[in-house]
Amino acid sequence: MSGLLCLCRQGFEPELAGELSERAAYAGIAGYARTQRNDGYVLFATDEGSALSQALPWRSLIFARQKLVVLAELRELDPSDRITPILAALEGQARFGDMWVEHPDSDEGKPLAGLARAFGNALRPALRKAGLLTDKPNTALPRVHVVFVDGRHAFVCTADTRDSAPWPLGIPRLKLLPEAPSRSALKLDEALLTLMRPEEREHLVKPGMRAADLGAAPGGWTWVLTRQHMHVISVDNGPLREHVLQTGLVEHLRADGFHWQPEAPLDWMVCDMVEQPRRVAERMATWFREGWCQHAIFNLKLPMKKRWDETRLCLELFQQQAGRPLNLRAKQLYHDREEITVLAW
């Protein structure tokens, strides 16, 4: 078989299936999405897996944490010898630069973590003996993935290291530092890491830039920006943590972040306010239309139903009302919950 295997947040399989189905149809590639709610993954079955992967870059997918091209689906694996059928599935493939054994980040998938670690230790030397794996990791070559969805059912896949998540399970391992004002700091940290390529980050995020944080209290996102040595106007009627103010980089304005506007154009605007997603999209568009910022990261809190439809509507609304062409990326990050994070510049 062929197709795309995409990992996602548990419970958001219908949204990912809808996204893959709609975008595959737009690309003119026939296929269908196969999933069940709470599986933590979606298989989009198609005879054109590689072509679909090229048509849907990983950074352009909103609900996919990871994107893999399926080489084989193996069912009824014998627990006493899972290696032989995997080697058979890889017969004729060129050498891979690395190998990951993974599982969905779901209630049923998490207990497979031990199996994934142990099996990876056994599979790696077998792949090298068969000439299928380099002695040392080589990011210039494709990566082979074995994704267990239960102990007897696995997908054998490949990933382009330039067009896939660089972390197992598609989850960046970020540590919440003791001085972080809130756990929301991890969302902005992950957004800066995930939504931009390293060379883009170097160009777009520079010390000395001026930013606004709308709805800033208690200061998690402001704190992240100050760690990038930006000057921040933090807009919120609520208080900020004292150590955030003591950085000397923060001006706290007690105002409604949804209505405030800057006196002069800023480099960045960030926003994590709890509000209806369409209202947020319209306000964010105003910032670009009026020229108040050059770059923005903001969250859209999604409703409980028709979340893919609402996502598409909000992003289209934002682009239409911004009044100028924009680079736009959106993704449901690991540290997001019922929301997506949007980068625009």
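The following paragraphs examine the structure supplied in this document.

Calculation rules
- For every chain, the first residue of the written sequence is number 1, and numbering continues from 1 along that sequence.
- Local features are withheld for residues below a pLDDT of 70 in this predicted model, meaning they are given only at 70 or higher, and side-chain atom pairs are given and counted only at 80 or more; totals for whole chains, interfaces and linings count all residues.
- With hydrogens and water stripped out, all remaining heavy atoms of the structure feed into the side-chain values.
- Here, nonpolar core refers to any group of buried Ala, Val, Leu, Ile, Met, Phe, Trp, Tyr and Cys residues whose side-chain atoms link them within 4.5 Å.
- Between buried and exposed lies partly exposed: a residue is buried under 20% and exposed over 50% of the maximum accessible area for its type, with that area taken using a 1.4 Å probe on protein chains only.
- Only heavy atoms enter the contact rule, under which two residues are in contact if any of them lie within 4.5 Å.
- The working definition used for a salt bridge is a side-chain nitrogen of Lys or Arg within 4 Å of a carboxyl oxygen of Asp or Glu.
- Each helix is a run of H or I in the DSSP string that is no shorter than four residues. Each strand is a run of E no shorter than two, and both are numbered from the N terminus.
- Two strands qualify as a pair provided DSSP detects at least 2 bridges between them.
- For every element, the axis is a line fit to its C-alpha atoms; helices are fit only across the contacting stretch, and the angle between N-to-C directions ranges from 0 to 180 degrees.
- Working definition: rings of Phe, Tyr and Trp (its six-membered ring) pair if their centres are within 6.5 Å, and the pair is stacked with planes under 30 degrees apart, edge-to-face with planes over 60 apart, and tilted otherwise.
- Whether a charge lies above a ring is judged from NZ of Lys or CZ of Arg, which has to be within 6 Å of the ring centre and within 35 degrees of the ring normal.
- A helix is expected to span 1.5 Å for every residue after the first.

1. A look at the nonpolar core
Soluble globular proteins tend to bury their nonpolar side chains together. Leu214, Trp287, Phe298, Leu300 and Phe318 are the most contacted members of the largest nonpolar core, which has 51 residues in total. Not counting residues up to four positions away in its chain, the partners in contact with Phe298 are Cys271, Val280, Met284, Phe318, Ile340, Thr341 and Val342. Core analysis: the next-biggest nonpolar cluster, separate from the first, contains 26 residues, Leu188, Leu195, Leu225 and Trp268 among them.

2. Observations concerning the pattern of salt bridges
Opposite charge on two side chains permits pairing when their charged atoms draw close. Counted according to the given criterion, the structure contains 21 salt bridges. With its nearest N and O atoms 3.1 Å apart, the salt bridge here joins Arg162 to Asp160. For Arg162, a relative accessible area of 73% puts it in the exposed group. Assessed through its relative accessible area of 33%, Asp160 is described here as partly exposed. Lys187 is the partner of Glu339 in a salt bridge, and the nearest nitrogen-oxygen pair spans 3.1 Å. Within this pair, whereas Glu339 is found in strand β14 (residues 339-344), its partner Lys187 is found in helix α5 (residues 185-194), the two being separated by 152 residues in sequence. Like Glu339, the residue Lys187 is buried in the burial classification.

3. Description of the sheet that holds strand β4 (residues 66-74)
Backbone hydrogen bonds are what pair the strands of a sheet, in a parallel or an antiparallel way. Spatially, β2-β3-β1-β4-β7-β6-β5 is the arrangement adopted by the 7 strands of the open sheet, whose pairing is mixed. In this open sheet, the two strands that pair with only one neighbour each are β2 (32-34) and β5 (98-102). Looking at each pair of strands side by side, their axes are set apart by 30° on average, direction ignored. Direction of pairing for β2 relative to strand β3 (residues 41-45): antiparallel, over a ladder of 3 bridges. Opposite Tyr32, over in β3, you have Ala45 as the bridge partner. Each of β1 (3-7), β2 and β3 is contacted by helix α1 (residues 13-26), which is oriented at about 25° to β3, the strand it contacts most.

4. Focus: the packing of aromatic side chains
Evaluated as defined, the whole model comprises 9 aromatic pairs. Note on Trp260 and Trp287: the rings are 6.0 Å apart at their centroids and 40° apart in plane angle, and the pair reads as tilted. Here the residue Trp260 occupies a position in the loop between β10 (250-253) and β11 (266-271), and Trp287 occupies one in helix α9 (residues 277-289), the gap between them amounting to 27 residues. Joined through ring pairs, the aromatic side chains of Phe12, Phe63 and Trp308 make up one cluster. Its end group placed over the ring of Trp100, Arg143 keeps NZ or CZ at 3.8 Å from the ring centre.

5. With respect to helix α10 (residues 307-322)
Between its terminal C-alpha atoms α10 stretches 22 Å, which fits the 22 Å expected from 16 residues at 1.5 Å a residue. For α10, the set of buried residues is Arg307, Trp308, Glu310, Thr311, Cys314, Leu315, Leu317, Phe318 and Ala322. Here the buried face of α10 lies against α1, α9, β12 (293-301), β13 (328-331) and β14. Where α10 terminates, the next one or two residues include Gly323, which has phi positive at roughly 75°.

The values reported here are purely geometric and, on their own, carry no functional implication.
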